[in-house]
Amino acid sequence: GECLFISHVGDEGKIIYWLYNLTILNLFTEEILISGILNMPKITRSVEEVDAVRDKIIDCAFKILVKNGYESLSMAKLGSKMKMTAANIYNYYANKDELLIAIHKKAYGMLYDKISYAVSMADTPLEKYKSMTYAFVEFGTQNINIYDIMFNRPIRQYSDYIGTPQEELSFDEFRNSMKTFFL
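If you're wondering where the values come from, they're calculated on a predicted model, not measured in any experiment. (Residues numbered from 1 in each chain as written. Predicted model: local features only at pLDDT ≥ 70, side-chain atom pairs only at ≥ 80, totals over all residues. Heavy atoms only, no water.)

1. Description of the nonpolar core
In summary, soluble globular proteins display a tendency toward joint burial of nonpolar side chains.
Here is step 1 of the chain: Formed by 34 residues in total, the largest nonpolar core has its most connected members in Ile-57, Leu-78, Leu-99 and Ile-103.
Here is step 2 of the chain: At the level of elements, helix H2 (47-68), helix H3 (75-82), helix H5 (96-120), helix H6 (125-142) and helix H7 (144-152) are the ones that each hand at least two residues to this core.
Here is step 3 of the chain: When residues in this core are grouped by element, the largest group, eleven residues, is from H5.
Here is step 4 of the chain: Beyond its immediate stretch of four places on either side in the chain, Leu-99 contacts Ile-57, Ile-58, Met-75, Leu-78 and Tyr-93. (Core = buried A, V, L, I, M, F, W, Y, C linked by side-chain atoms within 4.5 Å. Buried < 20%, exposed > 50% of the residue type's maximum accessible area, 1.4 Å probe, protein only. Helix = DSSP H or I, 4+ residues; strand = E, 2+ residues; numbered from the N terminus. Contact = heavy atoms within 4.5 Å.)

2. What about the packing of aromatic side chains?
Here is step 1 of the chain: In the structure shown here, the tally under the stated rule is seven aromatic pairs.
Here is step 2 of the chain: Geometrically, the ring pair formed by Tyr-147 and Phe-151 is tilted, given 4.8 Å between the ring centres and 50° between the ring planes. Of this pair, Tyr-147 and Phe-151 both sit in helix H7, four residues apart, which is roughly one turn of the helix.
Here is step 3 of the chain: Plain terms: the ring middles of Phe-171 and Phe-174 are 6.4 Å apart, the flat faces sit at 40° to each other, and that makes the pair tilted. Here the residue Phe-171 and the residue Phe-174 both occupy positions in helix H9 (residues 167-178), the gap between them amounting to three residues, near one helical turn.
Here is step 4 of the chain: Its relative accessible area of 36% is what places Phe-174 among the partly exposed residues.
Here is step 5 of the chain: Each member of the aromatic cluster is reached from another via a ring pair, and the members are Tyr-108, Phe-136, Tyr-147 and Phe-151.
Here is step 6 of the chain: Lying across the ring of Tyr-93, Arg-54 places its NZ or CZ 4.0 Å from the centre.
Here is step 7 of the chain: The ring centre of Tyr-70 lies 5.3 Å from the NZ or CZ of Lys-96, which sits over that ring. (Phe/Tyr/Trp six-rings, centres within 6.5 Å; stacked < 30°, edge-to-face > 60°. Lys NZ or Arg CZ within 6 Å of the ring centre and 35° of its normal.)

3. Structural notes on H9
Counting along an α-helix, one turn takes 3.6 residues, and residues three or four places apart therefore face a common direction.
Here is step 1 of the chain: Compared with the 16 Å implied by 1.5 Å per residue over twelve residues, the 16 Å span of H9 between its first and last C-alpha is a close match.
Here is step 2 of the chain: For H9, every residue scored as buried is listed here: Leu-169, Ser-170, Asp-172, Glu-173, Asn-176 and Ser-177. Taken down its axis, H9 places every buried residue within 155° of arc, on the same side.
Here is step 3 of the chain: Tucked into the core, H9 has its buried residues touching H5 and helix H8 (158-161). (Expected span 1.5 Å × (residues − 1). Arc of directions from axis to C-beta.)

4. Examining unusual backbone geometry
Here is step 1 of the chain: The backbone of Lys-83 shows a phi angle near 60°, a positive value even though the residue is not glycine.
Here is step 2 of the chain: Within the secondary structure layout, Lys-83 lies in the loop between H3 and helix H4 (86-89).
Here is step 3 of the chain: For Lys-83, a relative accessible area of 77% gives the class exposed.

5. What to know about the side chain of Glu-98
Here is step 1 of the chain: The topology assignment puts Glu-98 in helix H5.
Here is step 2 of the chain: For Glu-98, a relative accessible area of 13% translates into the label buried.
Here is step 3 of the chain: Here the side chain of Glu-98 touches Ala-94 through a polar contact of 3.3 Å, landing on its backbone nitrogen.
Here is step 4 of the chain: In this structure, Glu-98 is in contact with Arg-54, Tyr-92, Tyr-93, Gln-166 and Leu-169, ignoring residues within four places of it in sequence. (Polar contact = N/O pair within 3.5 Å; in protein donor to acceptor, adjacent residues only side chain to side chain.)

6. Here's the deal with the packing of H2 against H3
Helix-helix packing is characterised by the crossing angle of the two axes and by the distance between the axes.
Here is step 1 of the chain: Running from N to C, H2 and H3 cross one another at 115°; their axes reach a closest spacing of 10 Å. With respect to their mutual orientation, H2 and H3 come out roughly perpendicular. Read as a crossing pair, H2 and H3 show a hand that is right-handed. Taking contact as the criterion, the partners of Lys-56, Ile-57, Cys-60, Ala-61, Ile-64 and Asn-68 in H2 are, on H3, Lys-77, Leu-78, Lys-81 and Met-82.
Here is step 2 of the chain: Taken together, the residues of the contact of H2 with H3 sort by class into six nonpolar, one polar and three charged. (Axes fitted to C-alpha atoms, helices over the stretch in contact; angles between N-to-C directions. Parallel < 35°, antiparallel > 145°, perpendicular 65-115°, else oblique. Left-handed = near helix turned anticlockwise from the far one by under 90°. Nonpolar A, V, L, I, M, F, W, Y, C, P; charged D, E, K, R; others polar.)

Below, the structure is given as structure tokens:
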């Protein structure tokens, strides 16, 4: 197979490149107009495509958290698992804080679904209370590392994000965390 490596921009805006053949290293100097290669427009992703990648990033972050805990989650490790650079993740999440807010939002959604289902299966208020309690404990024991980041880690609160770019996402996370109280 052959791979193209752009070496440097030569005189008069032309590119010098190397063509590497896996069997024999050949060095070629050939001029290619820069306008045809370097000035190609970026492909814009649709909102649905961006959301799909963001969801994949969160799913991958969850897998890292579930398996290894909070300390093992880094943008570099996440990028490696996603087969993208850590810098590329910042195209989808402005910083690790924003990523953690999204993780919390998903985690609280999972907890709500579990408790909501348990409540729906109960008839009396006492049964609902017991079902909620059991579902909460079961969630914590089945998702130890997720529970850890939800309830044991010191995290910034919604009020800390007011006036920041993360305010809306943080408010969604806060709203998700409070839904269970209204079952």
